[in-house]
Amino acid sequence: MTQPSTLKTFLWFNEGLQEALAFYKATFGEAMVVADEHLNNPNLFTADFSIYGHEFIGMCTPGGDRFNNAISLSVQVDGPEETDRLWDAITTSGAPGRCGWCTDKWGVNWQVTPFQMSDFVGHPDQAKREANWGVLRNATKIQLSDFIQ
């Protein structure tokens, strides 16, 4: 064996892979398409791409199961501005969820979580820590200003 094994997340889109890739590139800035395959067809069939260094394979053909809440792509961000930017971009044609979860237009589930949230839910004061967990459980988009310092 001359090449090490790798792990990629495989996403089966029933439609709209090319549009999703354009959205991911515009939204995440670092999304990069490494290779794509059209199979003698104008529609994109497969694409290898990455977002923030995480590698994916996307396939676009009817007949796949719908994405569901059993898996989500978790993005940790720095601060409320980036949380707002990503959340707003994903939910504009998608849907908000709970505790930082949201769904994009294609049904892919995301978690948008500011790094700073761990300071609140891991607070050394037990009463504040428990109160902050309550804030998180009742949140849609995570608003750092809602947490107790």
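Residues numbered from 1 in each chain as written. Predicted model: local features only at pLDDT ≥ 70, side-chain atom pairs only at ≥ 80, totals over all residues. Heavy atoms only, no water.

Chemist: It is not clear to me how the overall build of the protein should be interpreted in this structure. Could you clarify?
Modeler: Secondary structure assignment for the protein yields 4 helices and 8 strands. N-terminal to C-terminal, the α/β element order of the protein is β-α-β-β-β-β-α-β-β-β-α-α. Projected onto its principal axes, the C-alpha positions of the protein cover 60 × 40 × 25 Å. Burial status across the protein gives 38% buried among its 149 residues. (Helix = DSSP H or I, 4+ residues; strand = E, 2+ residues; numbered from the N terminus. Buried < 20%, exposed > 50% of the residue type's maximum accessible area, 1.4 Å probe, protein only.)

Chemist: Mind showing me how you'd approach helix H4 (residues 126-138) here?
Modeler: Three or four residues apart is the spacing at which side chains of an α-helix point the same way, because the helix has 3.6 residues per turn. In this model, H4 (13 residues) spans 19 Å end to end at C-alpha, consistent with the 18 Å of a helix rising 1.5 Å per residue. Buried within H4 we find Asn132, Gly134 and Leu136. Looking at the buried positions of H4, the neighbouring elements they touch are helix H3 (117-121). Between a side-chain oxygen at the N-terminus of H4 and the backbone nitrogen of Ala127 the separation is 3.0 Å; the capping residue is Asp125. (Expected span 1.5 Å × (residues − 1). Contact = heavy atoms within 4.5 Å. Polar contact = N/O pair within 3.5 Å; in protein donor to acceptor, adjacent residues only side chain to side chain.)

Chemist: Can you walk me through the nonpolar core in this structure?
Modeler: If you look at soluble globular proteins, the nonpolar side chains tend to sit buried side by side. The biggest cluster of nonpolar side chains holds 25 residues, and the ones touching the most others in it are Phe13, Tyr24, Phe28 and Trp110. At the level of elements, strand E1 (9-13), helix H1 (17-28), strand E3 (46-51), strand E4 (54-60), strand E5 (73-77), helix H2 (80-92) and strand E8 (109-114) are the ones that each hand at least two residues to this core. Here this core takes 6 residues from H1, the largest share from any one element. One finds Cys99, Ile142, Leu144 and Phe147 within the second-largest nonpolar core, a separate group that totals 8 residues. (Core = buried A, V, L, I, M, F, W, Y, C linked by side-chain atoms within 4.5 Å.)

Chemist: Can you walk me through the packing of aromatic side chains in this structure?
Modeler: Geometrically, a pair of aromatic rings is defined through the distance of the ring centres and the angle of the planes. All told, the structure shown has 11 aromatic pairs when counted by the stated rule. Measuring from ring centre to ring centre gives 6.0 Å for Tyr24 and Trp106, while their planes differ by 70°; the resulting arrangement is edge-to-face. Linking Tyr24 in helix H1 with Trp106 in the loop between strand E7 (101-103) and E8, this pair joins segments that are 82 residues apart in sequence. Summarising the burial analysis for this pair, Tyr24 and Trp106 share the class buried. Centroid distance Phe49 to Phe56: 5.1 Å. Interplanar angle 10°. Geometry classified as stacked. Each of the two residues, Phe49 as well as Phe56, counts as buried. Each member of the aromatic cluster is reached from another via a ring pair, and the members are Phe23, Tyr24, Phe28, Phe49, Tyr52, Phe56, Trp106 and Trp110. (Phe/Tyr/Trp six-rings, centres within 6.5 Å; stacked < 30°, edge-to-face > 60°.)

Chemist: I would appreciate a short explanation of the side chain of Thr91 in the present structure.
Modeler: By the secondary structure assignment, Thr91 is in helix H2. Of the polar contacts made by the side chain of Thr91, one reaches the backbone oxygen of Trp87; its length is 2.8 Å. For Thr91, the contacting residues outside a window of four places in its chain are Pro96 and Cys102.

Chemist: Sorry, what's going on with the sheet that holds E7 here?
Modeler: Backbone hydrogen bonds hold the strands of a sheet together, and the pairing may be parallel or antiparallel. Overall, mixed pairing links the 4 strands, which are arranged E5-E8-E7-E6 in an open sheet. Each edge of the open sheet carries a strand with a single partner, namely E5 and strand E6 (95-96). The pairing of E5 with E8 spans 5 bridges and is parallel. From the neighbouring strand, Leu73 faces E8, where its bridge partner is Trp110. (Pairing = 2+ DSSP bridges.)

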